[in-house]
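# Survey of secondary and tertiary structure
Chain residues, written in single-letter form:
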Amino acid sequence: MGTSSIAEALEVEEVPLKKSSASRLNGFHADRQHAHHISVDTEAKQKLSDVVAKKTIRCGLLILTWYFLSTLLGMFNKKLVGKKHGIFGNGGFPAPLLLTGVQFFFQHLLARLVFSTGLIQRTGSPFTWREWGKLVLPNGAVTGLDIGFSNASLVHITMSFYTMCKSTTPIFLLGFAFIWRLETPSWGLAGVVAVIVSGLLLLVQGEAEFDTTGFMLVMSASCMSGLRFTLTQLLLHGSKGAGEGGRSSSDGGGRSSSDGHSPTPFGGPLEVLEVLTPVMSVTTLLLSLATEQLWHVLPSSPYFNSAPHLLITALLILTGALIAFLMVWAEYQVIKETSALTFMIAGTVKEVVTVITAVIVFGDQFGIINGVGLVIVIAGVLLFNWYKLQRLKASMRQRILSREGSVDIEGPDGVPIHVMAAAHSSGSAATLGSPMRRDRERDSIRDRENGAAEEHGVLLSKRRSSLEEQEAQEVVQALEFEPLLPWR
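Keep in mind the model is a prediction, meaning the values are calculated, not measured.

### Comments concerning the side chain of N77
- Secondary-structure assignment places N77 in helix α1 (residues 3–81).
- Within the structure, N77 has its side chain in polar contact with the side chain of N151 (distance 3.4 Å).
- Other than its neighbours up to four places away in sequence, N77 contacts G82, Q103, N151 and L154.

Spelled out as structure tokens, the structure:
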């Protein structure tokens, strides 16, 4: 036997020994790593459970706070302006539009007070006059009309009927969206409108204390709500999507907040109040001067006929402004802390809570027809919100993918893993040497390819999770501005 043959034989005999030792060593390390991972996973699960429990409690308390403040504000306004209620026993407040305009002014002062004391930091940039005229003025005017008509309707109709009628806002929102080509008519959207309209007809049919004036006012308020949402989308994103002008939080119109949460184009929720309430106040006060004949009704009203009554009236107006101010903050916190789906469902449940509370507190009549109508309207609103949420998610997903570009995952050396795998595969065909050596090289290449594939799968999974997390965050940020000012 030649020298080269002996060397090859020794090499062949040595390989199984090395392979066997390496296998035992790898198995030992794998067992230790497995035990370590079990311990780490147990601790991580416990920490995750604690975090989830704390967040659930926090979100639950925020939602309850939002419910309480929203219902309290509705009850407060109804008690103050309702023609069968009032504070001094002689009917409601004689000028609901004046009341609303002054409340807006107080809310503006409260927002400025919070910022001046440093309790909350500003996150938005100042508006130019062009931006103010294009974005702030129309939204502020329409929002003022929305809330002014809402409060005026409470003079004539019950709180429960008001709440149910105001839930029909999606009908008007879709109507304006069709006019400005923000939405394309479809059978699905037609079905949503048909469901809500049929529910509204049942509500009107079942209302025992139907008042034409109050009904027209609350439907006008719903119309203004739909116009408000449509104007917001149109002015910020244009009729053919983002990029056609408008002010967005990513184009230099705003700064990131200290907690990493992107602000709305107006800034944070309290900045929305600060910016819009002056326009809202002026709008409702001008409408009050034109329609409420203040020079006749105020001097004879018990709310203004003496200094003590005047002081009580001022405190009542300030109290309403404070409740509305806190409610706006609570709603935006709910949007920020929960998912979009949770917020959608919570908002629908809030309407039911308000109706039940009105029936209990004010004794509103609520029959079977009202109940069926309410269920149908809520079903239509849920369908609309679900449609809007899916559209919003699709838009955010497309924006993220276009921003991220290629989704190739790189390996540790900076080379895309699929390129590494291809290189290994191409190299396997060129392997030379003895049959045993070729087998070893083939096994080694296969192991590397399998490892690369596993790493590729893990990294793709992480990337997918990252994209989903980004999508969820951007949906929440979009929802922060979607309601604009969430008074119902």
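### Overview of the UniProt feature "transmembrane region" (unreviewed entry) in the chain
- Mapped onto the present numbering, the UniProt feature "transmembrane region" (unreviewed entry) falls on residues 57–76, 96–115, 161–180, 187–206, 310–329, 341–362 and 368–387.
- Taken end to end, residues 57–76 has its terminal C-alpha atoms 28 Å apart, with 100% of it in helix and 0% in strand.
- For residues 96–115, helix accounts for 100% and strand for 0%, while the C-alpha atoms at its two ends are 29 Å apart.

### Here's the deal with a nonpolar patch on the surface
- A cluster of nonpolar side chains, contributed by I57, L61 and L64, occupies part of the molecular surface with about 320 Å² of accessible area.
- When you line up the elements, L64 lands in helix α1.
- Here L64 falls in the exposed class, since its relative accessible area comes to 52%.

### Some thoughts on the packing of aromatic side chains
- Tallied over the full model, the rule gives nine aromatic pairs.
- A centroid spacing of 5.9 Å and a plane angle of 70 degrees characterise the contact between W129 and W132, whose relative ring orientation is edge-to-face. With W129 and W132 both in helix α3 (residues 129–153) and three residues apart, this pair spans about one turn of that helix.
- Three or more aromatic residues joined by ring pairs form one cluster here, namely F93, Y303 and F304.

### Notes on unusual backbone geometry
- Of note in this structure, Q293 is not a glycine but carries a positive phi near 50 degrees.
- Tracing the backbone through its elements, the reader meets Q293 in the loop between α8 (269–291) and α9 (294–300).
- Since its relative accessible area comes to 46%, Q293 is described here as partly exposed.

### Overview of the packing of helix α5 (residues 169–179) against helix α6 (residues 187–206)
- Orientation of α5 relative to α6, taken along the N-to-C sense of each, is 145 degrees, at an axis distance of 9 Å. The way α5 lies across α6 gives a crossing that is left-handed. Listed contacts from α6 to P170, I171, L174 and F178 of α5 are L189, V193, I196 and V197.
- For the contact of α5 with α6, the per-class residue count stands at eight nonpolar, no polar and no charged.

### What about the side chain of T354?
- Structurally, T354 can be placed in helix α11 (residues 340–362).
- Residue classification places T354 among the buried residues on the basis of a relative accessible area of 5%.

### A look at the packing of helix α2 (residues 96–116) against helix α10 (residues 307–337)
- Taken N-terminus to C-terminus, the directions of α2 and α10 make an angle of 60 degrees; their axes are 8 Å apart at the nearest point. With respect to α10, the axis of α2 lies oblique. Crossing geometry of α2 relative to α10 is assigned as right-handed. Each of L99, V102, Q103, F106, Q107, L110, A111 and V114 in α2 lies in contact with α10, whose residues at this interface are A314, I317, L318, G320, A321, L322, A324 and F325.

What counts and how
- Residues numbered from 1 in each chain as written.
- Predicted model: local features only at pLDDT ≥ 70, side-chain atom pairs only at ≥ 80, totals over all residues.
- Heavy atoms only, no water.
- Helix = DSSP H or I, 4+ residues; strand = E, 2+ residues; numbered from the N terminus.
- Polar contact = N/O pair within 3.5 Å; in protein donor to acceptor, adjacent residues only side chain to side chain.
- Contact = heavy atoms within 4.5 Å.
- UniProt positions renumbered as here; feature names shortened; annotations may be inferred.
- Patch = residues over 30% accessible without salt bridge, like charges linked within 9 Å, V, L, I, M, F, W, Y side chains within 5 Å.
- Areas by Shrake-Rupley, 256 points an atom, 1.4 Å probe, with all protein chains shown as cover.
- Salt bridge = Lys/Arg side-chain N within 4 Å of Asp/Glu carboxyl O.
- Buried < 20%, exposed > 50% of the residue type's maximum accessible area, 1.4 Å probe, protein only.
- Phe/Tyr/Trp six-rings, centres within 6.5 Å; stacked < 30°, edge-to-face > 60°.
- Axes fitted to C-alpha atoms, helices over the stretch in contact; angles between N-to-C directions.
- Left-handed = near helix turned anticlockwise from the far one by under 90°.
- Nonpolar A, V, L, I, M, F, W, Y, C, P; charged D, E, K, R; others polar.
- Parallel < 35°, antiparallel > 145°, perpendicular 65-115°, else oblique.

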